[in-house]
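Residue strings, one per chain:
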Amino acid sequence: MIERTPILNFFTHLILFIGFVVAVGPLAIVAIAASHNLADVNKVPMSLVPGSDFWANMQTAWTTANLGPKLLNSFIFAGGVAIGKVFISAITAFSLVYFRYPGRHFIFWLIFITLMLPLEVRIVPTYAVAANVLSPFQGLLDITGVIWLIQKLTGIEVSLNLGLLNSYPGLILPSIATATGTFLYRQFFLTIPDELTEAARMDGAGALRFFIDVLIPLSRTNMAALGTIMFLWAWNQYLWPLLVTTDPAYMTAVIELKSLIPNVGGLPEWHIAMAGTLIIMIPPLAIVVLMQRWVVRGVIATEK
């Protein structure tokens, strides 16, 4: 028998409504501000009644910030990071769970500790490596004296240089490693029965075949959940794309939003800035709406 608790139901719905207002309120204010003209948006307080200049402001923001190519760059960057994180996390967790070698638990904890070291903390060495991927090898050759020996014998000065600045690999590759994804996959792989592994081994399946034919299909919900979360994370990145791209051809939409910052000398054009913000918010919101069921399934499957 289900007990009826109207008072508890009232407070439950009240909390849900407050949470809904807190979550949707800022988005509604952005949309309303994007519909006003210059005079109305700078009124104090701003009117919460939608204006009539919404589509004109959206078009102005689109052309002023050149958001077409920038959104494409954002999709390439966020999609590449999401795919890379899913693959690296899956293959790393597969190694940690299904292979027996000394120090694998220590390696896992080393990976897990990197959760305390976000990209902003290691931004300087990461940028140095992106500026010249071969610099560690150059330093190793310098220390061992190999470069000195080659120069003495041949007269050729060896200089290894491979830069990734102003390129899609430079945007994507430094961001694809993730301790969160490795932990997510590891916890899921630990729930898979050992009998399934034994059956695959008896059928003659090797490690790679077991990974591709068995584990990958079973972890589709985890892949969707992790890919969605990491896509949103990469889409909202500001610092790393700002540092690694000086060529406008590789700038992302979030970086280009600065071109819509209100003018310093005149009235702030907040209506154009809010319109551009709304345009940039639409793709991740659409991804969340389309993938929310998979995200919930992936989280629930991982907890089990």
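Residues numbered from 1 in each chain as written. Predicted model: local features only at pLDDT ≥ 70, side-chain atom pairs only at ≥ 80, totals over all residues. Heavy atoms only, no water.

- The protein chain is annotated in an unreviewed UniProt entry as sn-glycerol-3-phosphate transport system permease protein UgpE from Rhizobium dioscoreae.
- Its UniProt record gives the protein chain a comment under Sequence similarities (unreviewed entry), which states: "Belongs to the binding-protein-dependent transport system permease family."
- According to its UniProt record, the protein chain has this under Subunit (unreviewed entry): "The complex is composed of two ATP-binding proteins (UgpC), two transmembrane proteins (UgpA and UgpE) and a solute-binding protein (UgpB)." (UniProt positions renumbered as here; feature names shortened; annotations may be inferred.)

### Focus: unusual backbone geometry
Here's step 1: The omega angle of the peptide bond from Val-44 to Pro-45 is -5°, so this bond is cis rather than trans.
Here's step 2: With respect to the helices and strands, Pro-45 occurs in the loop between α2 (38-41) and α3 (54-64).
Here's step 3: Its identity is not glycine, yet Asn-166 carries a phi of approximately 55°, on the positive side.
Here's step 4: Among the secondary structure elements, Asn-166 is positioned in the loop between α8 (146-154) and α9 (168-172). (Helix = DSSP H or I, 4+ residues; strand = E, 2+ residues; numbered from the N terminus.)

### A short note on the side chain of Thr-126
Here's step 1: Note that Thr-126 resides in helix α6 (residues 123-131).
Here's step 2: Residue Thr-126 is classed as buried on the basis of its relative accessible area of 13%.
Here's step 3: Not counting residues up to four positions away in its chain, the partners in contact with Thr-126 are Leu-119, Pro-174 and Trp-240. (Buried < 20%, exposed > 50% of the residue type's maximum accessible area, 1.4 Å probe, protein only. Contact = heavy atoms within 4.5 Å.)

### Describing the side chain of Ser-219
Here's step 1: Relative to the elements of secondary structure, Ser-219 occurs in the loop between α12 (207-218) and α13 (220-235).
Here's step 2: For Ser-219, a relative accessible area of 0% gives the class buried.
Here's step 3: Of note is the side chain of Ser-219, whose polar atom sits 2.8 Å from the backbone oxygen of Leu-215.
Here's step 4: If sequence neighbours within four positions are ignored, Ser-219 has contacts with Tyr-185 and Phe-188. (Polar contact = N/O pair within 3.5 Å; in protein donor to acceptor, adjacent residues only side chain to side chain.)

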